[in-house]
Amino acid sequence: MSVRLKFTLSYAGFVMLAGTLMLATVWVYLLRGLPDAASSPKGLVPVRTIVLHAYAPATAVVLTLLLVFGLLGGWLLAGRMLAPLTRITDATRTAANGSLSHRIELEGRKDEFRELADAFDTMLARLEAHVAEQRRFAATASHELRTPLAITKALLEVTLNDPARDLGQLVGRLHDVNARAIDLTEALLLLSRADQRSFTRESVDLSLYVEEAVETLLPLAEKHGVDIEAAVDITPTIGSRALLLQLTVNLIHNAIVHNLPGRGIVRVTTGIHPECVTLSVENTGEVLPAQLVSTLTEPFRRGTERIRQDHAGVGLGLAIVKSITEAHDGTLTVVPRPGGGLHVTVRLPAAPPPQTSSG
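What you see is a predicted model; the values in this text were computed from it and never measured. (Residues numbered from 1 in each chain as written. Predicted model: local features only at pLDDT ≥ 70, side-chain atom pairs only at ≥ 80, totals over all residues. Heavy atoms only, no water.)

Can you lay out the pattern of salt bridges for me, pointing to particular residues and giving the numbers?
In total, this model carries six salt bridges according to the counting rule given. Asp90 serves as the salt-bridge partner of Arg93, at 3.5 Å between the closest nitrogen and oxygen. Placement of both Arg93 and Asp90 in helix α2 (residues 47–96) is noted, with a separation of three residues, approximately one turn of the helix. For Arg93, a relative accessible area of 52% gives the class exposed. In this structure, Arg114 engages Asp118 in a salt bridge whose closest nitrogen and oxygen atoms are separated by 3.3 Å. In this pair, Arg114 and Asp118 both sit in helix α3 (residues 112–161), four residues apart, roughly one turn of the helix. (Salt bridge = Lys/Arg side-chain N within 4 Å of Asp/Glu carboxyl O. Helix = DSSP H or I, 4+ residues; strand = E, 2+ residues; numbered from the N terminus. Buried < 20%, exposed > 50% of the residue type's maximum accessible area, 1.4 Å probe, protein only.)

Explain the pairing of strand β4 (residues 264–272) residue by residue, including any values.
Here strand β2 (residues 226–231) runs beside β4; their pairing, made up of six bridges, is parallel. If you follow Asp227 over to β4, its bridge partner there is Ile265. Across seven bridges, β4 lies against strand β5 (residues 276–283) in antiparallel orientation. Within β5, the residue paired with Thr270 across the bridge is Leu279. Linking β4 to β5, which pair antiparallel, is a turn of three residues. (Pairing = 2+ DSSP bridges.)

Quick rundown of helix α5 (residues 206–224)? Include the residues and the values.
With 19 residues, α5 extends 26 Å from end C-alpha to end C-alpha; this agrees with the ideal 27 Å at 1.5 Å per step. Along α5, the sharpest change in direction is near 50 degrees and occurs at Leu217; proline Pro219 comes one to four residues later. On the buried face of α5, the contacting elements are β1 (202–205), β2, α6 (241–257), β4, β5 and β7 (342–349). Within two residues after α5, Gly225 carries a phi angle of roughly 70 degrees, on the positive side. (Expected span 1.5 Å × (residues − 1). Bend = angle between axes of the 7 residues up to and from the residue. Contact = heavy atoms within 4.5 Å.)

Outline the sheet that holds β7, supporting the account with residue identities and numerical values.
The sheet built from five strands is open, its strands ordered β2-β4-β5-β7-β6 with mixed pairing. Sheet topology places β2 and β6 (331–336) at the edges, where each strand pairs with a single neighbour. Across the sheet, the mean angle from the axis of one strand to that of its neighbour is 10 degrees, orientation sign disregarded. In the packing of α6 onto the sheet, contacts are made with β2, β4, β5 and β7, and the angle to β5 comes to roughly 25 degrees. Here helix α8 (residues 317–327) sits on the sheet in contact with β6 and β7, set at roughly 145 degrees to β6. (Axes fitted to C-alpha atoms, helices over the stretch in contact; angles between N-to-C directions.)

How would you sum up unusual backbone geometry? Please name residues and give values.
Look at Asp329: it is not a glycine, yet its phi comes out positive at around 60 degrees. As for its position among the elements, Asp329 is in the loop between α8 and β6.

Could you give an account of a nonpolar patch on the surface, naming the residues involved and the relevant values?
A cluster of nonpolar side chains, namely Leu5, Leu9, Leu67, Leu71, Leu72, Trp75 and Leu76, defines an oily patch on the protein surface of about 610 Å² accessible area. If you list the elements that add at least two residues to the nonpolar patch, you get α1 (3–31) and α2. No other element matches α2, which puts five residues into the nonpolar patch. Relative to the helices and strands, Trp75 is located in helix α2. (Patch = residues over 30% accessible without salt bridge, like charges linked within 9 Å, V, L, I, M, F, W, Y side chains within 5 Å. Areas by Shrake-Rupley, 256 points an atom, 1.4 Å probe, with all protein chains shown as cover.)

With reference to specific residues and values, describe the packing of α6 against α8.
Packed helices, taken two at a time, are described by the angle their axes make and the gap between the axes. It is at 9 Å that the axes of α6 and α8 come closest, and there the two elements cross at 145 degrees. In this structure, α6 meets α8 at a crossing whose hand is left-handed. Within the contact between the two elements, α6 uses Leu243, Leu244, Gln246, Leu247, Asn250, Leu251 and Asn254 and α8 uses Gly317, Leu318, Ile320, Val321, Ile324 and Thr325. (Left-handed = near helix turned anticlockwise from the far one by under 90°.)

An account of the pairing of β7 is requested, with residue identities and associated values reported.
As defined by bridge partners, β5 adjoins β7 across eight bridges and the pair is classed as antiparallel. Residue Val277 lies in a different strand from β7, and its bridge partner there is Leu348. Sheet analysis places β6 next to β7, joined by six bridges and oriented antiparallel. By the bridge assignment, Thr333 is partnered in β7 with Thr345. From the end of β6 to the start of β7, which pair antiparallel, there are five residues, and Gly340 there has a positive phi angle of about 115 degrees.

In structure tokens:
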């Protein structure tokens with residue numbers, strides 16, 4: 001049975017029960033004071049018998065009318081009450097067919113159905129934005145992956161048409177293109193892993209990853225003429241060792257590469273607060289407009305003057321940082337420095353203090 005039919009039968013049953021109880025009550029109080037055939041004087045017609053014969057047909061008519069009224073009224077009321085649910089069901093079917101732009105926009109006072117419809121509209125809006133973002137990401141990733149393959153194909157075709165070409169130069173260029181394609185593929189896999197949150201959480205010290213990342217990237221900083229200033233304290237948090245190390249490396253690498261050549265500075269600090277720990281990376285560099293800074297955490301977004309620099313990466317550095325941060329229930333803040341460059345702050349939940357056993 002449909003929900004509407006169940007509501008109708010329930011409503012009709014309740015009306016019938018209430019009517020039966022009311023008629024039974026009237027019957028009892030009406031007949032209680034009337035004499036019956038045994039107690040009535042001889043020659044008098046028993047009053048109770050007459051009343052019973054007159055009351056019974058009227059009772060049957062009333063109960064029949066109550067049944068009809070209960071069924072008809074219950075059907076209409078159930079249809080009116082379930083109308084919002086029908087709209088929600090239609091919107092669900094529309095979304096299931098691939099159209100995520102449809103919204104219920106239920107009118108009326110704020111009741112349970114209105115709250116359900118508003119929550120469903122919010123879910124559809126987020127889902128539509130997520131799907132659109134995934135489509136843009138897939139299209140851009142396909143383009144980025146196609147570029148090194150197209151370059152490789154072009155180099156090979158040039159070599160086939162010119163056998164006298166220097167093979168050593170060709171091998172070097174093919175090696176660079178292949179290395180970039182590998183970096184891009186690994187970055188995409190890392191981004192997917194962080195988005196799916198498929199990692200084991202454990203207690204870690206974020207300051208140790210800062211020290212490791214600085215030591216690893218020091219040759220690159222020296223090559224670019226960038227000084228790294230690190231001031232770190234013990235920073236306990238909960239998360240993936242590999243992902244948090246990658247987050248730290250990406251932030252410092254980004255600060256080194258996109259800096260002032262020969263006179264740049266990178267400042268790395270960590271801190272602990274009552275409910276969170278922070279990792280801040282600040283670097284000198286070009287003055288960046290706020291509109292550009294707000295898009296740097298999107299995949300494959302780079303500043304126009306920074307695309308062709310050496311070690312410019314694949315455009316996923318800050319996108320990976322944002323994804324890893326959100327996967328660890330943290331927040332990422334990227335703001336431009338007044339004198340140029342960026343100030344990036346990662347806030348992660350602090351690890352609970354270790355429990356000490358007493359006694």
